[in-house]
Amino acid sequence: MKETPLSNCERRFLLRAIEEKKRLDGRQTYDYRNIRISFGTDYGCCIVELGKTRVLGQVSCELVSPKLNRATEGILFFNLELSQMAAPAFEPGRQSDLLVKLNRLMERCLRNSKCIDTESLCVVAGEKVWQIRVDLHLLNHDGNIIDAASIAAIVALCHFRRPDVSVQGDEVTLYTPEERDPVPLSIHHMPICVSFAFFQQGTYLLVDPNEREERVMDGLLVIAMNKHREICTIQSSGSEMQ
Amino acid sequence: MEEETHTDAKIRAENGTGSSPRGPGCSLRHFACEQNLLSRPDGSASFLQGDTSVLAGVYGPAEVKVSKEIFNKATLEVILRPKIGLPGVAEKSRERLIRNTCEAVVLGTLHPRTSITVVLQVVSDAGSLLACCLNAACMALVDAGVPMRALFCGVACALDSDGTLVLDPTSKQEKEARAVLTFALDSVERKLLMSSTKGLYSDTELQQCLAAAQAASQHVFRFYRESLQRRYSKS
């Protein structure tokens, strides 16, 4: 289904309102929408609602053989899916650009910043490591997918418990949840993405753009930071900023 | 400006004893339903059966690709997404079952050359997944205002190795059962719309299960009715 086009008068209205420092939902320029996080019954399942944008996150794990050049590290795999429920325009063949961009940003933010200790995921060096898979599903698109997705990913990873493993010489024992309590992942820090929509070469910046504001923005700046004020990732796309 | 019509009816219907251990063949797990929870789809519903939860979103009647359009009725499409991993053959087969059920019930001839898309997302799976998907799809179609000739519901039952019937089985009960049967029943005359079975069972057992499912569907339809009444009576 095609996306409903944005009319010119709506576009002009939004831009004029932003120039006067007003937002349609009454927020200030640096206000975030309300965040609501709820957990499911399985370990590693969470639903994050950022205003009306909704993301479901689920973490799962599996024992696999490690990559050849990283024999002592576990594998982290992220998969963000734009469900067809989220917006009528998200058809299977049609969203590749946005999807690749979002997935790549998620990977850089979470994998390259080394927030999860991958060395602790190693069971037998060179043979068996844990592969942690994070599946994120966008359920409703009301702007700012990347922030909601990064929150869902890090919350699901903190909530997740993997089965306990013990290694004695050559013998590896994998315990079921009934035998031994599952073990949490070791997380160094929690990077969260914050998006800024900018208009007119950076003269006007809005935090947490909603869907309408995203349609009229000139460019998007995403900064991922953690609690210790360290920047994990920066990405700027769209037109130039001065 | 559009008004916030975010009325959600959260009702728990308890039928007999909803918690385990359950008596043979009498009770369903307690269920809850919430409608209109997503802003983008035309209709949306979340259906909970015990620990199994499915979220459904409906878009329609909407534009359809020329290659897929049918000249005299609406094109119904069902998409089921699992929580972990990519969708596989099991999802495709469930999508087809749900689509056949919906096509039997939705009045597609009122909207020719349009598409009605039902998207289902598994939020948690603790047994009776197909039945929960059917219920969520029905509630979402009602929320979207798609014209239907009847409502439908899904009921699952499992047969033990010694022949005991358990309605709405949990995943543990499904694994240990000899046969698992899922039925889709319509609301007007409790007729059978769809049945999907797995395992070994006899002819009489099939009739028994069908009768038990028809009795249980009464509870589900009463729950639908109460939930919709409560939702619309607030305003």
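Residues numbered from 1 in each chain as written. Chains lettered and ligands numbered in written order. Predicted model: local features only at pLDDT ≥ 70, side-chain atom pairs only at ≥ 80, totals over all residues. Heavy atoms only, no water.

- Per UniProt, chain B goes by Exosome complex component RRP46 and derives from Homo sapiens.
- Quoted straight from UniProt, the Sequence similarities entry for chain B says "Belongs to the RNase PH family." (UniProt positions renumbered as here; feature names shortened; annotations may be inferred.)

- Chain A is annotated in an unreviewed UniProt entry as Exosome complex component RRP45 from Homo sapiens.
- Comment text from UniProt for chain A, heading Sequence similarities (unreviewed entry), reads "Belongs to the RNase PH family."

### Digging into the UniProt feature "domain: Exoribonuclease phosphorolytic" (unreviewed entry) in chain A
All names here are of chain A.
Okay, so step 1: Under the local residue numbering, the UniProt record ascribes the feature "domain: Exoribonuclease phosphorolytic" (unreviewed entry) to residues 32-163 and 189-239.
Okay, so step 2: The span residues 32-163 shows a helical share of 23% and a strand share of 37%, and its end C-alpha atoms are spaced 37 Å apart.
Okay, so step 3: The span residues 189-239 shows a helical share of 12% and a strand share of 53%, and its end C-alpha atoms are spaced 32 Å apart. (Helix = DSSP H or I, 4+ residues; strand = E, 2+ residues; numbered from the N terminus.)

### Description of the sheet that holds strand β6 (residues 152-159) of chain B
Residue and element names in this part refer to chain B.
Okay, so step 1: Taken together, 4 strands build an open sheet; the order of strands is β7-β6-β8-β9 and the sheet is antiparallel. Taken across any chain shown, the strands that pair with only one partner, and hence form the sheet edges, are β7 (165-167) and β9 (192-199). Strand-to-strand, the axes of this sheet are offset by a mean angle of 20°, without reference to chain direction.
Okay, so step 2: Pairing between β6 and strand β8 (residues 179-186): 8 bridges, direction antiparallel. When the sheet's bridge partners are listed, L159 is paired in β8 with A179.
Okay, so step 3: The sheet contacts of helix α2 (residues 129-144) involve β6, β8 and β9, and relative to β6 the element is tilted by about 170°. (Pairing = 2+ DSSP bridges. Axes fitted to C-alpha atoms, helices over the stretch in contact; angles between N-to-C directions. Contact = heavy atoms within 4.5 Å.)

### Brief notes about the packing of helix α1 (residues 89-105) of chain B against α2 of chain B
Residues and elements named next belong to chain B.
Okay, so step 1: Closest axis-to-axis distance for the α1/α2 pair is 11 Å, and the angle between their directions is 45°. Between α1 and α2, the interaxial angle falls into the category oblique. Crossing of α1 over α2 shows right-handed handedness. Contact residues: R94, L97, I98, T101 and C102 in α1; L129, L130, C133, L134, A137 and L141 in α2.
Okay, so step 2: Counted by class, the contact of α1 with α2 contains 9 nonpolar, 1 polar and 1 charged residues. (Parallel < 35°, antiparallel > 145°, perpendicular 65-115°, else oblique. Left-handed = near helix turned anticlockwise from the far one by under 90°. Nonpolar A, V, L, I, M, F, W, Y, C, P; charged D, E, K, R; others polar.)

### Let's talk about the pairing of strand β4 (residues 75-81) of chain B
As a general feature of sheets, a regular strand has side chains that alternate between the two faces.
All names here are of chain B.
Okay, so step 1: The buried fraction of β4 amounts to 6 of the 7 residues, a majority that puts the element mostly inside the structure.
Okay, so step 2: In the sheet, β4 pairs with strand β5 (residues 115-124) via 7 bridges, with the strands oriented parallel. Across the sheet, the residue bridging to L76 is I116, located in β5. (Buried < 20%, exposed > 50% of the residue type's maximum accessible area, 1.4 Å probe, protein only.)

### Considering the interface of chain B and chain A
Okay, so step 1: Listed as interface residues are 28 residues of chain B and, on the opposing side, 28 residues of chain A.
Okay, so step 2: Overall, the association of chain B and chain A removes approximately 2,400 Å² of surface from exposure, summing both partners, and the carbon and sulfur fraction of that is 57%.
Okay, so step 3: Taken as a group, R40, Y59 and K83 of chain B account for 28% of the area that chain B buries against chain A, more than any other trio of residues on that side.
Okay, so step 4: Between the two partners, chain B and chain A, sit 5 salt bridges.
Okay, so step 5: Across the chain B-chain A interface, the total number found is 12 residue pairs in polar contact (both at pLDDT 80 or more).
Okay, so step 6: Within the residue set of the side of chain B that touches chain A, elements represented by two or more residues are β3 (52-62), β4 and β5 of chain B.
Okay, so step 7: At 7 residues, the largest contribution of residues to the side of chain B that touches chain A is made by β5 of chain B. (Buried area = accessible area lost by both parts, 1.4 Å probe. Salt bridge = Lys/Arg side-chain N within 4 Å of Asp/Glu carboxyl O. Polar contact = N/O pair within 3.5 Å; in protein donor to acceptor, adjacent residues only side chain to side chain.)

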